[in-house]
Amino acid sequence: MLARDLAEPYPHVMTDDPAVAAVRLLAGQNLPALLVLDADGIPYAAVPGSQLVRQLVPEYVMEDPLLAAVIDDRHADALAESLAGKTVAEWLPRRTFKPPYVGPDAGTMQIAATMARTHVPLVAVIERDHADEQGRLVGVVSAAALLQHLLARGEQM
């Protein structure tokens, strides 16, 4: 089966969207990862939710587990304020890697290898217009959808 056949619609944000909109999207849709596209429609980042939560926690709290135990939800306001006025690109973790993506004609093993190599639970399927290098998000193949397809194939044999 080809990537275009496995791809499903997936909510995404753009690099210049407000960071708070990205958090609302991730939380509101219960997504495993945030997909960020650049102005050309090409994947800019795919960040697991746990890494985005990390962006909300001050470094000194992560370094001291005892301190984390005494900070309660009253301090959540300060964490949320850290998003104010930032774009998605400004808020993302510094060590964000280019997210995995494949063309619409990629096969399941190519998708699986890409996902395994990058440790990201989704692979974007991008169709490019070679005339201007613009990309169009066809959809995303999630780890769950890929495994479901592979299991179904195994049961048919």
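Quantities reported herein were computed from a predicted structural model and do not represent experimental measurements.

Cut-offs applied
Residues numbered from 1 in each chain as written. Predicted model: local features only at pLDDT ≥ 70, side-chain atom pairs only at ≥ 80, totals over all residues. Heavy atoms only, no water. Helix = DSSP H or I, 4+ residues; strand = E, 2+ residues; numbered from the N terminus. Buried < 20%, exposed > 50% of the residue type's maximum accessible area, 1.4 Å probe, protein only. Contact = heavy atoms within 4.5 Å. Pairing = 2+ DSSP bridges. Salt bridge = Lys/Arg side-chain N within 4 Å of Asp/Glu carboxyl O. Axes fitted to C-alpha atoms, helices over the stretch in contact; angles between N-to-C directions.

Side note on the overall build of the chain
Looking only at helices and strands, one finds 9 helices and 6 strands in the chain. Counting the 157 residues in the chain, one finds 36% classified as buried.

Points about the side chain of T15
Tracing the sequence through the fold places T15 in the loop between strand 1 (13-14) and helix 2 (19-28). Under the relative-accessibility criterion, T15 is labelled buried at 16%. Among residues more than four places away in sequence, those in contact with T15 are V36, L37, D38, A39, Y44, T87, V88 and A89.

Quick word on the pairing of strand 2 (residues 33-37)
Among the 5 residues that make up strand 2, 5 are buried, leaving the element largely enclosed by the rest of the structure. Because side chains alternate across strand 2, one face comprises the buried residues A33, L35 and L37, and the other comprises L34 and V36, equally buried. Bridge analysis of strand 1 against strand 2 gives 2 bridges, and the strand direction is parallel. Counterpart to V13 in the pairing with strand 2 is V36. Where strand 2 meets strand 3 (residues 43-48), 5 bridges bridge the pair, whose relative direction is antiparallel. Looking across to strand 3, one finds that A33 is bridged to P48. What sits between strand 2 and strand 3 in their antiparallel hairpin is a turn of 5 residues, with G41 showing a positive phi close to 80°.

Some words on the pattern of salt bridges
Applying the stated criterion across every chain yields a total of 2 salt bridges. The partner of E127 in a salt bridge is R136, with the nearest N and O atoms 2.6 Å apart. Overall, the relative accessible area of 33% leaves E127 in the partly exposed class. Judged by relative accessible area, R136 falls into the partly exposed class, the value being 46%.

Side note on the environment of E8
Within the element layout of this structure, E8 appears in the loop between helix 1 (3-6) and strand 1. Residue classification places E8 among the partly exposed residues on the basis of a relative accessible area of 40%. Setting aside anything within four residues of it in sequence, one finds E8 in contact with G139, V140 and A145.

Some remarks on the sheet that holds strand 2
Across a sheet, strands are paired by hydrogen bonds formed along the backbone, either parallel or antiparallel in direction. An order of 1-2-3 is seen for the 3 strands of this open sheet, with the pairing classed as mixed. Looking at strand neighbours, the two that pair on one side only are strand 1 and strand 3, the edges of this open sheet. Packing of helix 2 onto the sheet brings it into contact with strand 1 and strand 2, and relative to strand 2 it is tilted by some 135°.

Considerations on the sheet that holds strand 6 (residues 134-142)
If you trace the 3 strands from one edge of the open sheet to the other, you get 4-5-6, paired in mixed fashion. Each end of this open sheet is capped by a strand with a single partner; those strands are strand 4 (101-102) and strand 6. As paired strands, strand 5 (residues 122-129) and strand 6 are joined by 8 bridges and run antiparallel to one another. Within strand 6, the residue paired with I126 across the bridge is L137. Helix 8 (residues 108-118) contacts strand 4, strand 5 and strand 6 of the sheet and is inclined by roughly 120° relative to strand 5.

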